[in-house]
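# Fold and contact review
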Amino acid sequence: NRTGDFPADTSRNFGFGARRDSLAGMPHFKTNSFDGRFPVARLEFEDEKFPGEVALTAFNPFIPLNDRDSSIPVAMFEIAFTNPTDAPITYSAVGVVGHGLHPPTKARRVNRKGTTGVKVMTDEPDTSSPDYAEIVLATDSADTSRQVHLYRGHWFDALEVYWKDLNRPGPFAPRDYGTSDTAGGMGRNRDSSLVAAHLTVAPGATETVRFALCWYTPNFRKYWITPVWHFRQPSAAVGQWKNWYATEWTGAETIAAEVLARWDELRDETIKFRDAVYSSTLPLPVIDAAAANLSILKSPTTLRLEDGTFYGWEGCHPNAGSCEGSCTHVWNYQQALPFLYPALERSMREADYKYNLNPAGGLRFRLSLPLGTNYETERPCADGQFGNILKLYRDWKLSGDVEWLKRLWPAAKRSIEYAWSADNPDRWDPEQTGVLWGRQHHTLDMELFGPNSWLTGFYLGALKAAAEMAEVLGEADTAVLYRGIYERGRAWVDQNLFNGEHFVQEIDLSDRSILTPFIHGEKSAGVLGDTVEQLYWSSEHKELKYQLGGACLIDQALGQWHAELYGLGDVLDREKVATSLKAVYAHNFVRLGDIYNPCRVFGLDDEEGTVIATWPDESKKPAVPVPYAQETMHGMEYAFGQMLMAHGMVAEGTKVTAGVRDRYDGAKRNPWNEIECGSNYARSMASWGAMVMLSGFSFDAARGHIGFAPRLQSDGAFASFWSGANAYGTVEIGNGRLRLALLGGGLDLKSLGLPPLGGPAGPAKLNGRSVSVDAGDGVALFAGLELKSGDTLELALPSLDLLDLPDLVSL
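All of these numbers come straight from a predicted model, not from anything done at the bench.

## Description of the overall build of the chain
When you go through the chain residue by residue, the secondary structure sums to 18 helices and 36 strands. For 811 residues, the compact-globule estimate of 2.2 N^0.38 gives 28 Å, and the C-alpha radius of gyration of the chain, at 28 Å, lies within 12% of that figure. In terms of its C-alpha atoms, the chain occupies a principal-axis envelope of roughly 80 × 70 × 50 Å. The contacts in the chain between residues at least 6 apart in sequence include a share of 68% that link residues at least 24 apart. Total accessible area on the chain stands at roughly 31,700 Å², and carbon and sulfur atoms take up 52% of it. Averaged over its 77 positive side-chain charges, the chain has a centre that lies 4 Å from the centre of its 102 negative ones.

## A short note on the sheet that holds strand β7 (residues 105–112)
With respect to topology, 8 strands assemble into an open sheet ordered β2-β3-β4-β5-β12-β9-β8-β7, the strand pairing being antiparallel. This sheet does not close on itself; its edge strands, each paired only once, are β2 (31–37) and β7. With direction set aside, neighbouring strand axes in the sheet form an average angle of 15 degrees. Here strand β4 (residues 53–59) runs beside strand β5 (residues 74–82); their pairing, made up of 7 bridges, is antiparallel. The residue of β5 that forms the bridge with Thr 57 is Glu 78. Strands in contact with helix α4 (residues 263–278) are β2, β3 (40–46), β4, β5 and β12 (206–216); relative to β5, the strand with the most contacts, it is inclined by about 90 degrees.

## Description of the confidence of the model for the chain
Mean pLDDT over the chain: 92, with 94% of residues reaching 70 or higher. Predicted confidence is poor over residues 1–10, with pLDDT under 50, and the contacts of this stretch with residues over four places away or in other chains come to 30 contacts.

## A look at helix α3 (residues 252–261)
Most of α3 sits inside the fold, with 9 of its 10 residues counted as buried. Along α3, the positions that sit buried rather than exposed are Ala 252, Glu 253, Thr 254, Ile 255, Ala 256, Ala 257, Glu 258, Val 259 and Leu 260. As for α3, its buried residues are in contact with β5, β7, β8 (115–122), β9 (134–139), β12 and α4.

## Overview of the nonpolar core
If you look at the biggest cluster of nonpolar residues, it comprises 181 residues, and the most contacted ones within it are Trp 688, Ile 706, Trp 722 and Leu 752. With near-sequence residues (within four places) excluded, Leu 752 lies in contact with His 705, Ile 706, Gly 707, Phe 708, Leu 738, Gly 778, Val 779, Ala 780, Phe 782, Leu 793 and Leu 795. Counting residues in each nonpolar core, the second largest holds 26 residues, with Ala 75, Phe 81, Val 118 and Val 209 among its members.

## Let's talk about empty space enclosed by the protein
Scanning the model with the defined rule gives 4 cavities of 30 Å³ or more in all. Estimates place the volume of the largest cavity at around 70 Å³. For the lining of the largest cavity, the secondary-structure elements that each account for two or more residues are α14 (558–566), α15 (574–588) and α16 (634–646). Broken down by element, the residue count for the lining of the largest cavity peaks at 4 residues, all from α16. Broken down by class, the residue content of the lining of the largest cavity amounts to 9 nonpolar, 2 polar and 1 charged.

## Examining unusual backbone geometry
Residue Phe 38 is joined to Pro 39 through a cis peptide bond whose omega torsion reads 15 degrees. Take Pro 39: it is sitting in the loop between β2 and β3. With a phi angle near 65 degrees, Tyr 546 is a residue other than glycine that sits in the positive phi range. If you trace the backbone, Tyr 546 turns up in the loop between β22 (543–544) and β23 (552–553). When its relative accessible area of 19% is taken as the criterion, Tyr 546 is described as buried. Residues other than glycine seldom take positive phi values, yet Asn 680 does so here, at roughly 50 degrees. Here Asn 680 is to be found in the loop between α17 (650–663) and α18 (689–695).

## A short note on the environment of Gly 178
Mapping Gly 178 onto the fold places it in the loop between α1 (157–167) and α2 (184–187). When the C-alpha atoms of Gly 178 and Gly 593 are compared, they prove to be 59 Å apart, with 415 residues separating the residues in sequence.

## Some remarks on the side chain of Ser 399
Tracing the sequence through the fold places Ser 399 in helix α9 (residues 382–399). Each residue touching Ser 399, except ones within four places of it in the same chain, is listed here: Arg 346, Ala 701 and Asn 726.

## Some words on the pairing of β2
Pairing of β2 with β3 involves 7 bridges; the strand directions are antiparallel. Paired with Gly 36 across the two strands is Ala 41, which belongs to β3. Here β2 folds back onto β3, and the loop between the two strands holds 2 residues.

## Some details on the packing of aromatic side chains
The full count for this structure, using the stated rule, is 40 aromatic pairs. With 6.1 Å between their ring centres and 85 degrees between their planes, Trp 244 and Trp 249 make a pair best called edge-to-face. Both residues of the pair, Trp 244 and Trp 249, count as buried. Seen from their ring centres, Phe 273 and Phe 721 are 5.4 Å apart, and the 80 degrees between their planes marks the pair as edge-to-face.

## Brief notes about the environment of Leu 694
Secondary-structure assignment places Leu 694 in helix α18. Residue Leu 694 is classed as buried on the basis of its relative accessible area of 0%. Along the primary structure Leu 694 and Phe 708 are separated by 14 residues, whereas in three dimensions their C-alpha atoms are 9.2 Å apart. Beyond its immediate chain neighbours, meaning those up to four positions away, Leu 694 contacts Leu 282, Pro 283, Val 286, Met 645, Val 650, Ala 709, Pro 710, Arg 711, Leu 712 and Phe 718.

## Quick notes on the pattern of salt bridges
Per the stated rule, a full pass over the model turns up 57 salt bridges. Measuring nitrogen to oxygen at the nearest pair gives 3.0 Å for the salt bridge that ties Arg 210 to Asp 264. Placement of the pair is Arg 210 in strand β12 and Asp 264 in helix α4, with a sequence separation of 54 residues. For Glu 676, the salt bridge identified is with Arg 600, shortest N-O distance 4.0 Å. Pair noted here: Glu 676 is in the loop between α17 and α18 and Arg 600 is in the loop between β24 (589–591) and β25 (608–610), with a separation of 76 residues, a long-range link. Through salt bridges with shared partners, one network takes in Arg 68, Asp 69, Glu 248, Glu 258, Arg 262 and Glu 265.

## Structural notes on the side chain of His 99
With respect to the helices, strands and loops of the structure, His 99 is situated in the loop between β6 (89–98) and β7. Classification of His 99 as buried rests on a relative accessible area of 3%. At 3.3 Å, the side chain of His 99 forms a polar contact with the side chain of Thr 105.

## Focus on the pairing of β8
Across the 8 residues of β8, 8 count as buried, placing the element largely inside the fold. Burial along β8 is two-sided: the residues Thr 115, Gly 117, Lys 119 and Met 121 and Thr 116, Val 118, Val 120 and Thr 122 are all buried. In this structure, β7 lies alongside β8, joined through 8 bridges in antiparallel fashion. In the sheet register, Thr 105 faces β8, and the bridge partner there is Thr 122. A loop of 2 residues connects β7 with β8, the two strands running antiparallel in sequence, and Gly 114 in this loop sits at a positive phi of about 80 degrees.

Each value, and the rule that gives it
- Residues numbered from 1 in each chain as written.
- Predicted model: local features only at pLDDT ≥ 70, side-chain atom pairs only at ≥ 80, totals over all residues.
- Heavy atoms only, no water.
- Helix = DSSP H or I, 4+ residues; strand = E, 2+ residues; numbered from the N terminus.
- Rg over C-alpha atoms; globule rule 2.2 N^0.38 Å.
- Contact = heavy atoms within 4.5 Å.
- Areas by Shrake-Rupley, 256 points an atom, 1.4 Å probe, with all protein chains shown as cover.
- Lys, Arg positive; Asp, Glu negative; His and termini not counted.
- Charge placed at Lys NZ, Arg CZ, Asp CG, Glu CD.
- Pairing = 2+ DSSP bridges.
- Axes fitted to C-alpha atoms, helices over the stretch in contact; angles between N-to-C directions.
- pLDDT = per-residue confidence, 0-100.
- Buried < 20%, exposed > 50% of the residue type's maximum accessible area, 1.4 Å probe, protein only.
- Core = buried A, V, L, I, M, F, W, Y, C linked by side-chain atoms within 4.5 Å.
- 1 Å grid on protein atoms, 1.4 Å probe; cavity = no way out; pocket = protein on both sides within 12 Å on 5 of 7 lines; lining within 4 Å.
- Points joined across faces, edges and corners; volume = space filled by probe spheres on them.
- Nonpolar A, V, L, I, M, F, W, Y, C, P; charged D, E, K, R; others polar.
- Phe/Tyr/Trp six-rings, centres within 6.5 Å; stacked < 30°, edge-to-face > 60°.
- Salt bridge = Lys/Arg side-chain N within 4 Å of Asp/Glu carboxyl O.
- Polar contact = N/O pair within 3.5 Å; in protein donor to acceptor, adjacent residues only side chain to side chain.

Below is the structure:
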């Protein structure tokens, strides 16, 4: 396979046939099977003409809680050969790497103990240049051959000679021109290098060779100018810093040497995680959605800044990031990072509250790079502002670190009180009513004017979470203030925004004066030149634009989704939320070919999806409604599906989830690239929330608590992966017991939440030895069990009955 060379010249683009350097024109195995369970892919190849069986396993280290090893810039390949004949056979596996870095390039051999390969690098003497880069392809095989350069010629000479060399018995003859091909291939470097591993396999035996493809681009350049869209590239860099991994490793060779030396450990830990996730007795579409979208964390959508801070675009273009700044309202949805790499998620809170909060307490929704270079182009958005409070609450409960919470609390408190601050030009809630009234920017890229359950739900959730955090930090008066505002707001929403079927926006679309307080305010980000009145008033229709009105909105109870996941309890009336969810399912979950969609098209024809907004009562639909109304944004669909599950509609929630994944089945679309505003879109990591929601996973590390209350069963039992609270593992419930296995991290367990029981729990055993347990109402109390990786805790659960829960088979 050839990697690292993706030119854009027309001679190798559409209209010229398949890319020949992908080896599309070479003979192939007749058939192969593909097992793609992220983060591991396995391909098995078959052909009656080939004297043996071949399997390739490809992966990248993905180990929960271990952000260091999971950040290694490497792709790892194992190629296993099985000899079914009665005589020894010598097999060769060959890796070819193209010189696709910034030209010109140079290459040389790599010779270290246990590491043999080739290194391709930019011909740039200054290693601090943003254009400096290295790629190393290496193996730890004992018998190897290499070509620093493939044959250098014209036309198709390199591939012609390569094929002959490949089919000639024995090792490859060495070739090293010593210089780069600066004049080759229409003025660009078209060199390639190869590394071959040779091994003799005895009859009936299987042997494996290993290759590591490592990269090292130590210096990151800010190649865009804020706030211009990212696919416009400026002529000069406006900032530069080191990639985090360049502070941990000194080059691609050191990466290759470490990976090959620690191969078994990195492989086993990664596969252990994969197997734990896929051993869950959850519906397959749910597991598929949760695991597949973890690939986003390994895509160019994300990076780590020099100090280790985690940063993300919304998605990515082919050669640039799409929508900068760890956008708060998009990253609100993802749930993978906080539960799998909680330290990295906490770094996002730290960066926002340190660098992104304006003097009045408004949280800009895009983080400017380099860190500390603040700008005022992006106004605070209501969902991002208050979503960050909810995420702070989640991250504190996952870590149990009160000192960390104490450090961030002053900034978080300012951001809460921005709602009623006199310095808030958007006049969200100046009278502390608990309802958002003013100009509310949001993730659909415009502003709502007037109360709605979607954004006010975020506000209410933030108030409730902040009240609890204030109490923990000894601010009783602050807690009383926040809780009082929350109670007033919840009561008002309950009485005024529910129409009997779903929640709506309260607004008189014909009232132009609604805009008056904001006429001289800031312009909307992303819409240049228009004043507030020009943007939001339609003279032709005599009404406000871009509002919800009587919409049945997919996210109308999104604040409750956050509360449900984090153990915050009900934020909105539970019965009204359940009714509204049924309405969304009835009106918004549709055959996508049956609706008109003037927006972006993410589904077609018989494909099913949940559109963002519908108007069951057409008279309540604005002439120019909220943008994206007819789209299907995958992260919103996942969150909605999980809310259905939380309210007892597990089959419906599974169907909503399957509607997304059926679109990404590998035949129609890439199953590891869910799109929205670019590829590998961050919002899709909302899918991980189903692992939390269906297991009923509760957590409070400060109290030493975790718990499980499954929402479905399989033949009277339940099993799931869980992560967070400084540890991860699996849980099995059924057959009269609960079995908790730790696969990584450590856990100081004092309280274990249990599903409803018909009697007291116990006895308990840790690694087969009895331990003391005090069984209370739905909880088992311990005197502080110090659990570590590899430990197993078993607890007897007499009279446990999961059979009244939905059955996996029926889903």
